[in-house]
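These are the residues of each chain, in order.
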Amino acid sequence: MSIPTSIKVIDGIVDQYREEVSQLDIPDFTTPSSSYKNPVVSPYVNEFKLNRIINDIPTIKLQLNKYKGNKTYQDVSDKILQLQSLLDEKFYINDKLIRIWVSSKTVTGLTDNADNAAEEKTNDEAIELNNDEENLASLRKRLLSGGTHTSLDDTTNNKSSIDKANNYHESIQEDILSELTGFAASLKQSAVTLSSKLLDDNAVLNKTGDSLMKNETLMKSVGNNLNNYVTNKSGGKISFWFLMKILLASFLLFFAMVVLIKIFPKM
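What you see is a predicted model, and the numbers here were worked out from it, not measured in a lab. (Residues numbered from 1 in each chain as written. Predicted model: local features only at pLDDT ≥ 70, side-chain atom pairs only at ≥ 80, totals over all residues. Heavy atoms only, no water.)

**A word on the overall build of the chain**
Helix and strand content of the chain: five helices and zero strands. N-terminal to C-terminal, the α/β element order of the chain is α-α-α-α-α. Residue burial in the chain is summarised as follows: out of 267 residues, 14% are buried. Sequence separation of at least 24 residues holds for 76% of the intrachain contacts in the chain that already meet a minimum separation of 6. Here the chain displays about 21,400 Å² of accessible surface, and carbon together with sulfur accounts for 60% of that area. (Helix = DSSP H or I, 4+ residues; strand = E, 2+ residues; numbered from the N terminus. Buried < 20%, exposed > 50% of the residue type's maximum accessible area, 1.4 Å probe, protein only. Contact = heavy atoms within 4.5 Å. Areas by Shrake-Rupley, 256 points an atom, 1.4 Å probe, with all protein chains shown as cover.)

Given below as structure tokens:
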């Protein structure tokens, strides 16, 4: 909206806005809300137009305040108040129309979706039925050797065919029984062999345990003898310092022997 340059221009703009609001397809408060119908045109268009005018009202008021000394100021101000009241009324009713319009679109969409789902379900059932029929026909064809009757269906040689089939199955059962018997015997032999090996291992373990017990007894005997020797023979004189002295004497003796070897080489 351009900035008005006089109070007369402001008056004309207010009249123009009032006419635009009156021409909108929005009922007034005199119309019962129960008689509101789903609008043909989207009420969002009316909402856009109303918001545009509502946003221009503050600018119009600001420009009108510049002409407070004019004799038509009060009349134009009253027109603006009436326009605001009309805008509030139309905006409130249009909000209800938006709800009606949205709910109708939602119901329509749900109905279409339900119809599409029912149609898809019917098509799926038909396809599944056709597949079942094809599978049944294919199974019958495989069982009947290409869709024709087998030799078992002939009345002339029906008995001989049955005998042959029985003999065939009996031979298969005998072979299976023979294989199972051999398998069971093999398992039994393996179990006996494993048991004998376990017994041998048990005997070896027992001998090892006896040897360990004997070694333990021998080691205890040796330990007791050494303790008795240290206590009785040496009179308890063998101590740590005694051993250190013996070690030092051994080193000195070794050093003396090395010196003698160096001084008196081999002749």
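Additional details are given in the paragraphs that follow.
**Describing the pattern of salt bridges**
Per the counting criterion, the structure on display carries five salt bridges. Note that Arg52 and Glu20 form a salt bridge whose closest N and O atoms lie 3.2 Å from each other. With Arg52 in helix H2 (residues 43-64) and Glu20 in helix H1 (residues 7-23), the pair connects residues that are 32 residues apart, well separated along the chain. On the accessibility criterion, Arg52 (35% relative accessible area) is partly exposed. (Salt bridge = Lys/Arg side-chain N within 4 Å of Asp/Glu carboxyl O.)

**Focus: a negative patch on the surface**
Where like charges cluster on the molecular surface, the negative patch consists of Glu170, Glu174, Asp175 and Glu179. Considering the arrangement of structural elements, one finds Asp175 in helix H4 (residues 158-233). (Patch = residues over 30% accessible without salt bridge, like charges linked within 9 Å, V, L, I, M, F, W, Y side chains within 5 Å. Lys, Arg positive; Asp, Glu negative; His and termini not counted. Charge placed at Lys NZ, Arg CZ, Asp CG, Glu CD.)

**What about the confidence of the model for the chain?**
For the chain, per-residue confidence averages 77 on the pLDDT scale, and 69% of positions sit at 70 or higher. Considering each helix and strand of the chain separately, the mean pLDDT is smallest for helix H3 (residues 73-143), with a value of 70, and largest for helix H5 (residues 240-263), with 87. (pLDDT = per-residue confidence, 0-100.)

**Focus: the environment of Asn46**
Along the polypeptide, Asn46 turns up in helix H2. Look at Asn46 and you get buried, because its relative accessible area is 9%. Aside from chain neighbours lying at most four places away, what touches Asn46 is Leu24, Asp25, Ile26 and Asn94.

**Some points on a nonpolar patch on the surface**
Taken together, the side chains of Phe240, Trp241, Met244, Leu247 and Phe251 define a hydrophobic patch exposed on the protein surface, amounting to about 610 Å² of accessible area. Position of Trp241 relative to the elements: it lies in helix H5. Judged by its relative accessible area of 62%, Trp241 falls in the exposed class.

**Side note on the nonpolar core**
Core analysis: the largest hydrophobic core is formed by 21 residues, its most contacted members being Val21, Ile60, Leu64, Ile80, Leu83 and Leu87. The set of elements that each furnish at least two residues to this core consists of H1, H2 and H3. With eight residues, the top contributor of residues to this core is H3. (Core = buried A, V, L, I, M, F, W, Y, C linked by side-chain atoms within 4.5 Å.)

**A closer look at the packing of H1 against H2**
Running from amino to carboxyl end, H1 crosses H2 at an angle of 160°, the nearest separation of the two axes being 11 Å. In terms of axis orientation, H1 runs roughly antiparallel to H2. Regarding H1 and H2, the two cross each other, and that crossing is left-handed. Residues Ile7, Ile10, Ile13, Val14, Tyr17, Glu20 and Val21 of H1 form the contact with H2, whose participating residues are Leu50, Arg52, Ile53, Asp56, Ile60, Gln63 and Leu64. The class makeup of the residues in the contact of H1 with H2 is 10 nonpolar, one polar and three charged. (Axes fitted to C-alpha atoms, helices over the stretch in contact; angles between N-to-C directions. Parallel < 35°, antiparallel > 145°, perpendicular 65-115°, else oblique. Left-handed = near helix turned anticlockwise from the far one by under 90°. Nonpolar A, V, L, I, M, F, W, Y, C, P; charged D, E, K, R; others polar.)

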